[in-house]
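Structural description and commentary
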Amino acid sequence: MLRTQRQHDDAKAHYERALRIFTVVLGENHCDVAMMLENMGTLCSDQVSCLECPSRSRRAQGYVDEAKRYYERALEIKENVFDEEHPDIASSLDSLGVLLEKQVGFLFFTDTDDIFAQKNLDEAEPLYQRALEIKLKVFGENDLGVVESMQSLAGLLLSKVSS
């Protein structure tokens, strides 16, 4: 586990350096900056999986919060740079939805956690719905990305029923 954590720390340092360079050279609202932010968000999200017991870890919550900030900033940039129906926006919406669902997976499910879980699922639903709508318009119904979005939305709706 220590080796994996060290690798994550090294990767994060490289991403942060690349982000600083991209921001200086390209500006803070460039699509490559958004891509780097998403990479950092994915790295933070992946770190939760490396923890021995993420459900009991404040550290896990810190990684999720950090990932969410990266994903939200990347989405904001993409919404300013691209047309509102651009596939990259759908990708960011999916990433954020997955993160919110992942966070539900390591709650204790006390009464407070139950409310928090429902809030996360409620927050993820319109993200998945919007991603699906974009993909349907851009790629049409017979696209694997559309099918993946349908599966994500269906899984979320089932999670809401069982929570």
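See above for the structure.
So, here is what we can say about the structure in this document. Chains are numbered independently. Their residues run from 1 in the order of the written sequence. Reporting in this predicted model follows two pLDDT cut-offs: at least 70 for local features of residues, and 80 or more for side-chain atom pairs to be given and counted; totals over whole chains, interfaces and linings ignore these cut-offs and use all residues. Excluded from the side-chain calculation are hydrogens and water; included are all heavy atoms of the structure.

**A few points about the overall build of the protein chain**
Definition in use: Helical segments are the DSSP runs of H or I of at least four residues, strand segments are the runs of E of at least two, and each set is numbered from the N terminus. Burial classes: relative accessible area under 20% of the type maximum marks a residue as buried, over 50% as exposed, and values in between as partly exposed (1.4 Å probe, protein chains only). Here, residues are in contact when the closest pair of their heavy atoms is within 4.5 Å.
The helix and strand inventory of the protein chain stands at six helices and zero strands. Secondary structure elements of the protein chain occur, N-terminal to C-terminal, as α-α-α-α-α-α. Evaluated residue by residue, the protein chain yields a buried proportion of 37% over its 163 residues. Counted over contacts in the protein chain with a minimum sequence separation of 6, partners at least 24 positions apart contribute 67%.

**Re helix α3 (residues 58-81)**
Formally: One less than the residue count of a helix, multiplied by 1.5 Å, gives the span that helix is expected to have.
Across its 24 residues, α3 extends 35 Å between first and last C-alpha, which sits within 8% of the 34 Å expected from 1.5 Å per residue. Listed as buried for α3 are A60, Y63, V64, E66, A67, Y70, Y71, A74, L75, I77 and K78.

**Looking at the pattern of salt bridges**
Definition in use: When a carboxyl oxygen of Asp or Glu lies within 4 Å of a side-chain nitrogen of Lys or Arg, that pair is called a salt bridge.
Enumeration over the complete set of coordinates arrives at 12 salt bridges. Note that E16 and K12 form a salt bridge whose closest N and O atoms lie 3.9 Å from each other. Taken together, the residues span about one helical turn, with E16 and K12 both in helix α1 (residues 2-26) at a distance of four residues. In this structure, E79 engages R130 in a salt bridge whose closest nitrogen and oxygen atoms are separated by 2.6 Å. Here the residue E79 occupies a position in helix α3, and R130 occupies one in helix α5 (residues 111-139), the gap between them amounting to 51 residues.

**Quick notes on a nonpolar patch on the surface**
Our working rule: Like-charged residues within 9 Å of one another, or nonpolar side chains (Val, Leu, Ile, Met, Phe, Trp, Tyr) within 5 Å, are grouped into patches, provided each residue has over 30% relative accessible area and no salt bridge. Per-residue accessibility takes into account occlusion by the displayed protein chains alone, with areas from the Shrake-Rupley method and a 1.4 Å probe.
Taken together, the side chains of I21, V24, V25 and L26 present a nonpolar region at the surface, about 390 Å² in accessible area. Tracing the sequence through the fold places I21 in helix α1.

**Some words on the nonpolar core**
Spelled out, the test is: Definition used in this section: a nonpolar core is a set of buried Ala, Val, Leu, Ile, Met, Phe, Trp, Tyr and Cys residues joined via side-chain atoms within 4.5 Å.
L19, L37, I89, L93 and L156 are the most contacted members of the largest nonpolar core, which totals 36 residues. Elements supplying a minimum of two residues to this core: α2 (31-50), α3, α4 (87-104), α5 and α6 (144-162). Each residue touching I89, except ones within four places of it in the same chain, is listed here: L75, K78, E79, F82, D83, E84, R130 and I134.

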